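Given next are the chains, with one letter for each unit.
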Amino acid sequence: METLNRQGTANTPKVILDKANGIFEISGRSLPEDAPAFYGPVVDWIKSYAVDSNDTTNFTFKLEYFNTGSSKMILDILTALQKVAGTRVFWCFHDDEEDMEEAGQEFAELVNIPFQFEVY
Amino acid sequence: MTDSIDLHHATAGLTVFLFHRGDFRHQTAEDFLAQAERHLNTGHEHAGVKRRAFKVIVEALQNVVKHWRGRNLGAYGYPWKNATVLIGQDNERYYVMTANPVPKARGAHLSRKLNALNAADKAGLKEMYKATLLSAHRSGHHGAGLGLLDMARQSGEKLEFALNSIDSESDLFFLKVNIPRGRNNPIASIC
């Protein structure tokens, strides 16, 4: 399966979805004005991956900021991940970003996937 | 009443550090946001306050860009076609203010939405946010008022707003979001 690899910008996150190496991570700032356009390919990739996924999938979110447009798309991603057996979400946040921890907890309440919270 | 008069009253006694009025395309908003962030980073502001202010500015700008782009600007004479965004501060708070034209039906919807947000407490806003997020996810509709909800949560204070009639079809929507600077303010513990 082809790796999805996007470099981060000032307003969009770095995305790497690499089945072969077991790396699944979204990191940085997510403030795109058109979040569906940015995240559409990510959701599509996960849906394709769900058909023939690895035994375990550790999906990492390491976001500095995200806008509300992104929050809807993050929920779309998490919903797609619910169909990937053996998925665990690693929700990483800086120790002075309590709002990010709370945001992760809210997402965890909306989907049926184990979340692990980590401070970096 | 005009947006100028509203802004004149709303800015009395505070220091305005960013102001833009006119064209509000995507690049304008990005440049404005970069300047706002530089300003927030120049002082010794508490990290949590900076984050809240930045997030409110992001949502406010993206709301203005969305509404600016969607308008038939030819229907308005100066100054109504122009959106306005202003960011100021005093010792107690940061203030994010926007003014932009909206259709009257949209204005009525915003008024109902904002009154509901202002009537909710912290727990109520959290539940409203989760419900709205789920609804947006299920319907496939993007936005769905999440921006206003998030601004209300980041602020921790009532959202101030006004709708001033422009003509038979449009209102000028004025929004003021306060972000308390004190470390011990009531919302410091939630974000």
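Scroll up to find the structure this text is about.
Overview of the structure. (Residues numbered from 1 in each chain as written. Chains lettered and ligands numbered in written order. Predicted model: local features only at pLDDT ≥ 70, side-chain atom pairs only at ≥ 80, totals over all residues. Heavy atoms only, no water.)

## A short note on the interface of chain B and chain A
Keep this limit in mind: Contact between two residues is taken to exist if any of their heavy atoms lie within 4.5 Å; hydrogens are not considered. As used here, buried area is the combined drop in accessible area, with a 1.4 Å probe, of two parts when they are placed together. Salt bridge, as used here: a side-chain nitrogen of Lys or Arg that lies within 4 Å of a carboxyl oxygen of Asp or Glu. Distance and chemistry together define a polar contact, namely a pair of N or O atoms within 3.5 Å, with one atom able to donate a hydrogen and the other to accept it when in protein, and with adjacent residues in sequence counting only for side-chain atoms on both sides. We count a stretch as a helix when DSSP gives it H or I for four or more residues in a row; a strand needs E for two or more, and each element gets its number in order from the N terminus. For this scheme, ten residues count as nonpolar: Ala, Val, Leu, Ile, Met, Phe, Trp, Tyr, Cys and Pro. Four count as charged, namely Asp, Glu, Lys and Arg, and the remainder, Gly too, count as polar.
The partner chain A presents 26 residues to the 32 residues of chain B that form the contact. Of the roughly 2600 Å² buried where chain B meets chain A, counting both sides, 51% is carbon and sulfur surface. At the junction of chain B and chain A, the tally comes to 8 salt bridges. Taken together, the links from chain B to chain A amount to 14 residue pairs in polar contact (both at pLDDT 80 or more). Of the residues forming the side of chain B that touches chain A, the biggest block, 10 residues, is contributed by helix α3 (residues 47-70) of chain B. Among the residues making up the side of chain B that touches chain A, the classes are represented as 13 nonpolar, 8 polar and 11 charged.

## Details of the packing of helix α1 (residues 35-51) of chain A against helix α2 (residues 68-81) of chain A
A pair of packed helices is characterised by two quantities: the angle between their axes and the separation of those axes. All names here are of chain A. Rules: Angles run from 0 to 180 degrees between N-to-C directions of axes, and those axes are lines fitted to C-alpha atoms, restricted for helices to the stretch in contact. To sort the angles, those under 35 degrees are grouped as roughly parallel, those over 145 as roughly antiparallel, those from 65 to 115 as roughly perpendicular, and the leftovers as oblique.
Between α1 and α2, the shortest axis-to-axis distance is 9 Å and the interhelical angle comes to 5 degrees. Considering their axes alone, α1 and α2 lie roughly parallel with respect to each other. Contacts between α1 and α2 involve A35, P36, Y39, G40, V42, V43, I46 and K47 from the former and G69, S70, M73, D76, I77, A80 and L81 from the latter. The class makeup of the residues in the contact of α1 with α2 is 10 nonpolar, 3 polar and 2 charged.

## Observations concerning empty space enclosed by the protein
Worth spelling out the cut-off: Using a 1 Å grid laid over the protein atoms alone, points where a 1.4 Å probe fits but cannot get out form a cavity; open sets with protein on both sides within 12 Å along at least 5 of 7 lines form a pocket; any residue with an atom within 4 Å of a point counts as lining. Grid points are joined across faces, edges and corners, and a volume is the space filled by probe spheres set on the points.
This model, assessed by the stated rule, comprises 2 cavities of 30 Å³ or more. Its volume calculated, the largest cavity comes out at about 110 Å³. Looking at the largest cavity, the residues that line it are A:N11, A:L31, A:E33, B:H26, B:A29, B:E30, B:L33, B:V58, B:L61, B:Q62 and B:V65. At the level of secondary structure, the elements contributing two or more residues to the lining of the largest cavity comprise α2 (26-42) and α3 of chain B. Of the residues that constitute the lining of the largest cavity, the class distribution is 6 nonpolar, 3 polar and 2 charged. When its volume is computed, the second largest cavity comes out at roughly 40 Å³. Together, A:L31, A:Y65, A:F66, A:N67, B:F54, B:K55, B:V58, B:E59 and B:D150 line the second largest cavity. Looking at the lining of the second largest cavity, the elements with two or more residues in it are β4 (57-66) of chain A together with α3 of chain B. A total of 4 residues in the lining of the second largest cavity trace back to one element, the largest contributor, which is α3(B).

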